[in-house]
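Geometric and topological summary
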Amino acid sequence: MSEENIQNNEPEIIAEEVANVEVEGVSEETAAVVEEIQAKVEADGIARAPKAANANKRPDQQRGPGGGNRGPGGGARGAGGGRGGQQGGGHGGKGRRRNEERSRTEEPSEYTEKVVQVRRVTKVVKGGKKMSFRAAVVIGNEKGKVGVGVGKAAEVVTAIKKAISDARKNVVEVTTVKTTISHTVFGVAGGSKILLKPAAEGTGIIAGGTARIVLELAGVGDILAKSQGSKSPLNVARATVRGLKSLRTFQEVARERGLSVREMLN
């Protein structure tokens, strides 16, 4: 599978809904990122796939397999190619109503999400190329919980939603001492390696790129970070999270040594 950055789109066939997708179910900041990506896709003049025969028709106006019009519910053709039954889309309508009711009753999330990367990926399959988008998202509550997720889909907003869902499954808790970390630690992911060191109060977050986003969402206020190796945003984010996950408290180390915290520090 070959990957290319969304900013370097070439004139290839891409699904039309990528530029016209509705942004729902994500935060305002994430929605703004999606709209910016869609604007870049339109500005690059990417050729769009030809519309299907039924693309702009309502379900009751579409042709059935035998040539007859579909019913108001989107049912299959009737006998002899006539209009389809009205019950064809009944279950779909109920499903949409349930999803709408669920979205209304959902409580606001405690996590803040930030999109760190959106790339267009191409998979060579029998009959041509299948193009989709891969999104990498970092979420955190700025109180010691942070996670990284990845999602793929034919639409940008769907890929981001999948990434957010994946990040929620991979949330880790970060151990801090006041506003910094307890000790120096390395995090490794793929070709990326990052060094995290405690810092004095008031230093702030000395880090760049994806590492800074992860540390901010984790709620670490003072820290020194140095990225080594690959600069891939996804690998740097994963390496940072793994480094934070491997932190140990003074109590844990003292327990392993069979000492009290006071004895260990003295």
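Here the structure is a predicted model, which means the values were calculated and not measured.

A closer look at the pairing of strand S9 (residues 223-229)
Two elements, strand S7 (residues 192-198) and S9, share seven bridges in a ladder whose sense is antiparallel. Within the sheet, the bridge partner assigned to Pro-198 lies in S9 and is Ile-223. Relative to S9, strand S8 (residues 205-206) runs parallel, the two sharing two bridges. Counted as the bridge partner of Ile-205 is Ile-223 from S9. Following the chain from S8 across helix H5 (residues 209-218) to the adjacent parallel S9, one finds a crossover that is left-handed.

Quick word on unusual backbone geometry
Located in the positive-phi region is Glu-142, a residue other than glycine, with phi close to 60°. Mapped onto the fold, Glu-142 is located in the loop between strand S3 (128-140) and strand S4 (145-153). A relative accessible area of 48% means that Glu-142 is categorised as partly exposed. Despite not being glycine, Lys-178 has its phi angle at roughly 60°, a positive value. Its location among the elements puts Lys-178 in the loop between strand S5 (172-173) and strand S6 (185-189). A relative accessible area of 77% means that Lys-178 is categorised as exposed.

Brief notes about the pairing of S3
Examined bridge by bridge, strand S2 (residues 112-125) and S3 share 13 bridges and lie antiparallel to one another. Opposite Thr-122, over in S3, you have Met-131 as the bridge partner. Taking the residues that link successive antiparallel strands as the turn, the S2-S3 hairpin has two residues, and the phi of Gly-127 there is positive, at about 100°. Summarising the sheet, S3 and S4 pair through eight bridges and their orientation is antiparallel. When the sheet's bridge partners are listed, Ala-135 is paired in S4 with Gly-151. Hairpin connection of S3 to S4: four residues between the antiparallel strands, including Glu-142 at a positive phi of 60°.

Some thoughts on a positive patch on the surface
Among the surface-exposed residues, Lys-123, Lys-130, Lys-152 and Lys-162 lie close enough to one another that they form a single positively charged patch. Within the secondary structure, Lys-152 is located in strand S4.

With respect to helix H6 (residues 233-245)
Here H6 spans 18 Å end to end across 13 residues, near enough to the 18 Å set by a 1.5 Å rise per residue. When we look at burial in H6, the residues that qualify are Leu-234, Asn-235, Val-236, Ala-237, Ala-239, Thr-240, Val-241, Gly-243 and Leu-244.

Some thoughts on the sheet that holds S6
Within a sheet, neighbouring strands are paired by backbone hydrogen bonds and run either parallel or antiparallel to one another. Pairing within the open sheet is mixed, and its four strands lie in the order S6-S7-S9-S8. Taken across any chain shown, the strands that pair with only one partner, and hence form the sheet edges, are S6 and S8. Packed onto the sheet, H6 meets S6, S7 and S9 and runs at close to 140° relative to S6.

Overview of the environment of Val-188
Secondary-structure assignment places Val-188 in strand S6. As a C-alpha pair, Val-188 and Arg-242 span 54 residues in sequence and 7.0 Å in three-dimensional space. Ignoring anything within four residues of it in the chain, the contact list for Val-188 reads Lys-193, Ala-239 and Arg-242.

Considerations on the pattern of salt bridges
Throughout the structure, instances matching the rule amount to three salt bridges. Between Glu-216 and Lys-114 there is a salt bridge, with the nearest N and O atoms lying 3.8 Å from each other. Placement of Glu-216 in helix H5 and of Lys-114 in strand S2 is noted, with a sequence separation of 102 residues between them. We classify Glu-216 as partly exposed; its relative accessible area is 31%. For the salt bridge of Arg-212 with Glu-216, the shortest nitrogen-to-oxygen distance reads 3.3 Å. Remark: Glu-216 and Arg-212 occur in helix H5; sequence separation between them is four residues, near one turn of the helix. One salt-bridge network, in which partners are shared between bridges, spans Lys-114, Arg-212 and Glu-216.

Some details on the packing of H5 against H6
Following both chains from N to C, one finds H5 and H6 inclined at 40°, their axes separated by 8 Å at the closest point. Looking at the two axes, H5 sits oblique to H6. Remark: the crossing between H5 and H6 carries right-handed chirality. Two secondary-structure elements touch here, H5 through Thr-210, Ala-211, Val-214, Leu-215 and Ala-218 and H6 through Pro-233, Val-236, Ala-237, Thr-240, Val-241 and Leu-244. Taken together, the residues of the contact of H5 with H6 sort by class into nine nonpolar, two polar and no charged.

About the criteria used
- Within every chain, residues take consecutive numbers counted from 1 along the sequence as written.
- Restriction of local features to residues with pLDDT of at least 70 applies here, the model being predicted, together with a cutoff of 80 or more for giving and counting side-chain atom pairs; totals for whole chains, interfaces and linings are based on all residues.
- The side-chain figures draw on all heavy atoms in the structure; neither hydrogens nor water molecules are used.
- Should DSSP find at least two bridges between two strands, the strands are taken to pair.
- Helix and strand assignments come from DSSP, with helices taken as H or I runs of at least 4 residues and strands as E runs of at least 2, each series counted from the N terminus.
- Note on handedness: a clockwise path from strand one over the helix to strand two, with the strands aimed away from the viewer, defines a right-handed crossover.
- Partly exposed describes any residue whose relative accessible area lies between the buried limit of under 20% and the exposed limit of over 50%, with all areas from a 1.4 Å probe on protein chains only and scaled to the type maximum.
- Patch membership requires over 30% relative accessible area and the absence of a salt bridge. Like charges are linked within 9 Å, and nonpolar side chains (Val, Leu, Ile, Met, Phe, Trp, Tyr) within 5 Å.
- Note on areas: Shrake-Rupley with a 1.4 Å probe; residue coverage comes only from the protein chains shown.
- What counts as a salt bridge is simple: a side-chain nitrogen of Lys or Arg found within 4 Å of a carboxyl oxygen of Asp or Glu.
- His is not counted here, nor are the chain ends, while Lys and Arg score as positive and Asp and Glu score as negative.
- The atoms used to mark charge sites are NZ of Lys, CZ of Arg, CG of Asp and CD of Glu.
- Working rule for helices: expected span equals 1.5 Å times residues minus one.
- Contacts were defined at the residue level, with two residues in contact if any of their heavy atoms lie within 4.5 Å.
- To define axes, lines are fitted to C-alpha atoms, for helices over the stretch in contact only, and angles between the resulting N-to-C directions are given on a 0 to 180 degree scale.
- What sets the label is the angle itself: under 35 degrees gives roughly parallel, over 145 gives roughly antiparallel, 65 to 115 gives roughly perpendicular, and the rest give oblique.
- When the near helix sits turned anticlockwise from the far one by under a right angle, the crossing is termed left-handed; a clockwise turn instead gives a right-handed crossing.
- Each residue is assigned to one class: nonpolar for Ala, Val, Leu, Ile, Met, Phe, Trp, Tyr, Cys and Pro, charged for Asp, Glu, Lys and Arg, and polar for all the others, Gly among them.

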